[in-house]
Amino acid sequence: MSQPAQTAVVQDPQPDALGASVAGGKQFVLKQGDMFLVADIYGNVGAESDGLFRNDTRVLSVFRLLLSGARPSLLAGSVSQDNVFFTAHLTNHPLAPIGGQSTPEGVIHVERSRFLWDLRLYEQVTLTNFSERRAELPLSIVYAADFRDMFEVRGRQRPARGHLFAPELLEREVILGYEGLDGMARQTVIQLSRPGHITAGRADYPIALEPGTSFDLHIEVGPDAADAPCRERFRAAAARARFAMRNARRKGAALRSTGRLFDDWTERSRADLALLTTQLPTGPFPYAGIPWFSTPFGRDAIITSLQILWLDPGLARGVLSFLAQTQAHERSDFQDSAPGKIMHEARKGEMTALREVPFGQYYGAVDTTPLFVMLAGAYAERTGDFGFIEQLWPSLDAAMGWIVSEQESDADGFVSYRSSGAGLVNQAWKDSNDSIFHADGRLAHGPIAVAEVQGYAFAAFRAMATLCEKRRDTAAAAAWRKRAENLRAAVELRFWMDDLGFYAIARDGEGRPCRVRGSNPGHLLFTGLPMRKRARRVIEQLLSPAFNSGWGIRTLGLGEARYNPMSYHNGSVWPHDTGLSVAGMARYDERDGVVRVMGELFEAAVRFDMRLPELFCGFRRAPGEPPIAYPVACLPQAWSSGAAFMLLQACLGLRIDGLRREIHVNRPVLPPDVDQLELRHVFVGDEPVDIIFQRAGERVVAFPRGKGPSRVPIFIHA
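Residues numbered from 1 in each chain as written. Predicted model: local features only at pLDDT ≥ 70, side-chain atom pairs only at ≥ 80, totals over all residues. Heavy atoms only, no water.

### Re the overall build of the protein
Here is step 1: Counting its regular elements, the protein contains 15 helices and 34 strands.
Here is step 2: For the protein, with 718 residues in total, the buried portion stands at 60%.
Here is step 3: Long-range pairs, those at least 24 residues apart, make up 66% of the contacts in the protein between residues at least 6 apart in sequence.
Here is step 4: Only carbon and sulfur atoms are counted for the fraction: they give 50% of the accessible area of the protein, which is about 27,700 Å².
Here is step 5: Averaging the coordinates of the 81 positive side-chain charges in the protein and doing the same for the 82 negative ones gives two points 4 Å apart. (Helix = DSSP H or I, 4+ residues; strand = E, 2+ residues; numbered from the N terminus. Buried < 20%, exposed > 50% of the residue type's maximum accessible area, 1.4 Å probe, protein only. Contact = heavy atoms within 4.5 Å. Areas by Shrake-Rupley, 256 points an atom, 1.4 Å probe, with all protein chains shown as cover. Lys, Arg positive; Asp, Glu negative; His and termini not counted. Charge placed at Lys NZ, Arg CZ, Asp CG, Glu CD.)

Set out below in structure tokens:
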């Protein structure tokens, strides 16, 4: 690599003229391992959040295709159903003559096909002349790499950056490099299958196409040079990428229904989960979302695992393994860590290495630790795999130690958080700075005890009690159950607002309730903490127009201070939040509301091309109008993709008891427009079970598929 240069990597001098992505336009993403690509529908990279990212660094910030110096005309652009390929179909504008007749519009077909594999971007560009005469046209590939950290791309200003290297130019290769302030050298190698006029910022090819002929250009972008790009390398790597994705999508039980659109939604959701799931040394782990959160997040991964646990418990095992391995053992205000605490977020970029931000391995989440224990208990119930639980036991014990220490440091016995100032201000899932407040809009000050976190702690105590019983430690089991019931009583006493028929979203550092109606109590329902009479009052309000937008449940009720349907957490709709609330309703035997909200989110998914975003605006549903997108939502997002399966489980009333090797079905209902749904290869222990749910008049019946006897009994509860 050449010596550092003070001049930046050559940037595209006229981004608008060359077709930069339009702000707010649809983005098309690919991901494989720790690399992902964000581009526009033309396949071009150039907008603020576009790029090829590797380990939280943007290693390609400009990547555009031009014909005669201009962006071609769009025919279509899409990502394949399995999320492996992006393909753009383009055509030419009228081309000016080069010593002869001009080429008319729409006779040159340009196909861009690309995928990611083994830390490399593979692209094939094919031009075909469908006119009746020779066409002469210049093809250009414009490129640049700014090597910006993900937090810079998101808008964080830095006082200084490292050095960009002067580009190295070879006959078919360009090397772009950067040395960060962390002393690490990063590079991007762009290799082309044909020699052309290659400069620091573009490669130009003067092409002459006879009628009916084609021109191919293969491009590879990676961290180092490989064999020369060619058709054979492209096809071989594509086959490996597709095979790997096919295996990932086949994890867990299969779904099939009579609803074609419903099946499209579940298939897209499974494909998105497979796309976001990265194979770590500890097992599969779903990264949170693209573009901003394509990295391990503890909370997101745990909830995603809970969403699909009934179908694929293998994901939960991988998540538990990774989080146990990265559990905190020391106290650090900068990282918000303490012994026993479970990780919130992990990053690999330059800014985290330099500790400009605390997110290299960050623990500033109050809910991840009890959620970790919840997931372990749910995994044990689903699988009966106590050998794995024994391996986790030191981590579970340490996690419970942290939870108990937090309780004992709080005057009312709640699990609360306080910000150190370096990381997040609010450390529950609603982590916007303005998401926890009082009825008059005043922000709450810490330490803050958020409602749903007490539910998670309650569920963690109960999970530990059950696990201790299986370990024949009856004294410990009784102690954990007592803690659970004490916490339940404290929440009922100090969070319940009888005049509002609802639970407060939080209690502030002075023990005052934040008398605000948010979606937080929906999570309490999921954990089973509320007494049944109060749960019914909460369910009625969550299903009322104050919360139910017609597309899902808002994070904040209408009329509350700070309500804004366009905000991040104060009135928007988050599919995972809706899913947890609906699963909680099902726990309290609500059926009509469950199927209604399931239908609403399904209809929202149809209008979002079968891919629910991280969140969308909470405006009231209007006849003939689609849900309104939130402009910078991650898409895809793991727990939004997993919401479909949590909602479906709530509808089916299905619970798998891996301890006793049996299946329970409680008053099943089917989603709208689905008359029959079949589950195949639901493993209970080592026994695969197929179940059919079928509409029969006003009821839905469930029965095993096939005539042979099953060693797994299915109990139907009316």
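Here the narrative resumes.
### Considerations on the sheet that holds strand S16 (residues 197-198)
Here is step 1: One open sheet holds the 4 strands; their spatial order is S6-S11-S17-S16, and the pairing between them is antiparallel. Each of the sheet's edge strands pairs with one partner strand only, and the pair in question is strand S6 (62-67) and S16.
Here is step 2: Pairing analysis gives 8 bridges linking strand S11 (residues 135-144) to strand S17 (residues 202-209), with the strands arranged antiparallel. Pairing of Leu139 across the sheet is with Tyr205, part of S17. (Pairing = 2+ DSSP bridges.)

### Overview of a nonpolar patch on the surface
Here is step 1: A cluster of nonpolar residues, Met566, Phe619 and Ile628, forms a patch on the protein surface that exposes about 270 Å² of accessible area.
Here is step 2: In this fold, Ile628 is placed in the loop between helix H14 (592-607) and helix H15 (638-652).
Here is step 3: Judged by its relative accessible area of 41%, Ile628 falls in the partly exposed class. (Patch = residues over 30% accessible without salt bridge, like charges linked within 9 Å, V, L, I, M, F, W, Y side chains within 5 Å. Salt bridge = Lys/Arg side-chain N within 4 Å of Asp/Glu carboxyl O.)

### Points about the packing of aromatic side chains
Here is step 1: Evaluated as defined, the whole model comprises 26 aromatic pairs.
Here is step 2: Taking the centre distance of 5.8 Å and the plane angle of 15° together, the rings of Phe461 and Trp480 count as stacked. Within this pair, whereas Phe461 is found in helix H9 (residues 451-470), its partner Trp480 is found in helix H10 (residues 474-494), the two being separated by 19 residues in sequence.
Here is step 3: Taking 5.5 Å as the distance between ring centres and 20° as the angle between the ring planes, the aromatic pair formed by Phe502 and Phe547 counts as stacked. Placement of Phe502 in strand S26 (residues 502-503) and of Phe547 in the loop between helix H12 (532-542) and helix H13 (575-587) is noted, with a sequence separation of 45 residues between them. Each member of the pair, Phe502 together with Phe547, is buried. (Phe/Tyr/Trp six-rings, centres within 6.5 Å; stacked < 30°, edge-to-face > 60°.)

That is the geometry; function is a separate question.
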